[in-house]
Amino acid sequence: MADKSLLETTLLNLSLNARDALPRGGQISIVTLNRSVDARLLAKHPNIQPGDYAVLEVTDNGTGIAPEILEHVFEPFFTTKDVGEGTGLGLSMILGFAEQSGGLVDIESQVNQGTTVRIYLPRSVELAVSPETTTNIDAQVSSISATVLVVEDDPRVRQIVVRILSGLGSTIIEAGDGKTALSLMDERQDIDVLFTDVVLPGGLSGPDIVREAHRIRPDLNVVLTSGYPEGEINELASDDELRWFIRKPYRGSELAELLDKVLKS
């Protein structure tokens with residue numbers, strides 16, 4: 001029992017983490033299992049309910065994680081990657097998704113042996129409902145005919161956004177930092193929406209890009225996004241700039257609905 005879009009994002013993030021742990025190649029396996037929570041897991045996760053769970057397990061035989069690092073991997077913004085290569089939010093978002101779903105995350109790793117991450121989600125006792133008998137939330141906004149400049153330094157998150165918006169019929173322009181974004185703004189006059197992360201590398205934040213873009217095009221539609229705590233976001237952006245804001249992690253349907261509202265406003 002879990003949100004489909006967030007489950008897809010979780011699987012994508014785990015697979016990309018596994019790939020990054022295989023600089024010289026190797027194997028990644030993705031397995032689904034039915035498991036009952038045992039005493040070991042109950043001891044490690046006292047808030048979990050006993051019972052049956054569906055398990056999504058992603059394993060690689062890569063570089064592994066040292067014990068002193070393993071105990072910090074779920075902390076927000078903790079990362080061993082270089083600046084601009086990762087936000088440190090991936091595993092913390094996965095943990096949040098699992099816990100919000102009533103489940104847990106279990107991780108095992110050995111240096112030079114590999115890593116296994118297991119996502120435990122409550123097993124449904126109901127029969128699967130046919131898609132024809134339900135209302136698909138992602139279909140509430142059938143299309144968005146717009147050119148969107150997506151500014152996101154994490155290529156994994158950017159890939160997800162591009163997939164969502166391309167599937168809705170939007171034309172996507174991508175940038176990984178503020179300087180590139182502003183250069184693209186100068187080159188392309190057909191941009192309908194600027195969709196930018198608030199915190200970016202390179203000295204220009206999302207609000208900095210918005211201010212410069214509005215100096216040239218005051219009527220440009222803008223949507224900001226971030227996974228950082230609210231207090232830090234408020235220090236970087238004004239209430240007016242945060243009028244259209246979506247917090248990470250978000251569902252594809254939520255992003256589609258917000259952009260639809262922005263374009264119609």
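Before reading further, recall that the structure is shown in the block above.
These notes cover the structure that comes with them. Quick caveat: nothing in here was measured; it's all calculated off a predicted structure.

**Let's talk about the pattern of salt bridges**
Reasoning step 1: Taken as a whole and judged by the stated rule, the model has 13 salt bridges.
Reasoning step 2: Across the salt bridge formed by Asp20 and Arg19, the nearest N and O atoms sit 3.3 Å from each other.
Reasoning step 3: A relative accessible area of 36% means that Asp20 is categorised as partly exposed.
Reasoning step 4: Arg19 gets classed as partly exposed once you look at its relative accessible area, which sits at 48%.
Reasoning step 5: The closest approach of N and O atoms between Asp197 and Lys248, which form a salt bridge, is 3.0 Å. Note that Asp197 is positioned in strand 7 (residues 193-197) and Lys248 in the loop between strand 9 (245-247) and helix 9 (252-264), a separation of 51 residues in sequence. The burial state of Asp197 is the same as that of Lys248; both residues are buried.
Reasoning step 6: Connected through shared salt-bridge partners, Lys44, Glu57, Asp106, Glu108 and Arg118 make up one network.

**Digging into the sheet that holds strand 3 (residues 104-110)**
Reasoning step 1: Reading across from one edge, 1-2-4-3 is the order of the four strands in this open sheet, with antiparallel pairing throughout. Pairing within the sheet leaves two strands with one partner each, and these edge strands are strand 1 (28-36) and strand 3. Direction aside, neighbouring strands of the sheet carry axes that sit 20° apart on average.
Reasoning step 2: Pairing of strand 2 (residues 52-60) with strand 4 (residues 114-122) involves eight bridges; the strand directions are antiparallel. Bridging across to strand 4, Asp60 finds its partner in Thr115.
Reasoning step 3: Packed onto the sheet, helix 1 (residues 4-20) meets strand 1, strand 2 and strand 4 and runs at close to 30° relative to strand 2.

**Points about the nonpolar core**
Reasoning step 1: Within the largest apolar cluster, 24 residues are counted, with the highest numbers of intra-cluster contacts made by Val148, Val161, Leu165, Phe195, Val223 and Leu255.
Reasoning step 2: Taken together, the elements giving at least two residues each to this core come down to strand 5 (147-151), helix 5 (155-167), strand 7 and helix 9.
Reasoning step 3: Broken down by element, this core gets its largest block of residues, six residues, from helix 5.
Reasoning step 4: Setting aside its immediate chain neighbours within four residues, Val148 contacts Leu165, Ser170, Thr171, Ile172, Ile173, Val193 and Phe195.
Reasoning step 5: Listed in part, the 21 residues of the second largest apolar core include Leu184, Val222, Leu224 and Ile233.

**Details of unusual backbone geometry**
Glycine aside, a negative phi is what most residues show, and trans is what most peptide bonds show.
Reasoning step 1: Non-glycine residue Asn112 carries a positive phi angle of around 65°.
Reasoning step 2: For Asn112, the position within the fold is in the loop between strand 3 and strand 4.
Reasoning step 3: Taking relative accessible area as the criterion, Asn112 reaches 60% and is therefore assigned exposed.

Criteria and cut-off values
Residues numbered from 1 in each chain as written. Predicted model: local features only at pLDDT ≥ 70, side-chain atom pairs only at ≥ 80, totals over all residues. Heavy atoms only, no water. Salt bridge = Lys/Arg side-chain N within 4 Å of Asp/Glu carboxyl O. Buried < 20%, exposed > 50% of the residue type's maximum accessible area, 1.4 Å probe, protein only. Helix = DSSP H or I, 4+ residues; strand = E, 2+ residues; numbered from the N terminus. Pairing = 2+ DSSP bridges. Axes fitted to C-alpha atoms, helices over the stretch in contact; angles between N-to-C directions. Contact = heavy atoms within 4.5 Å. Core = buried A, V, L, I, M, F, W, Y, C linked by side-chain atoms within 4.5 Å.

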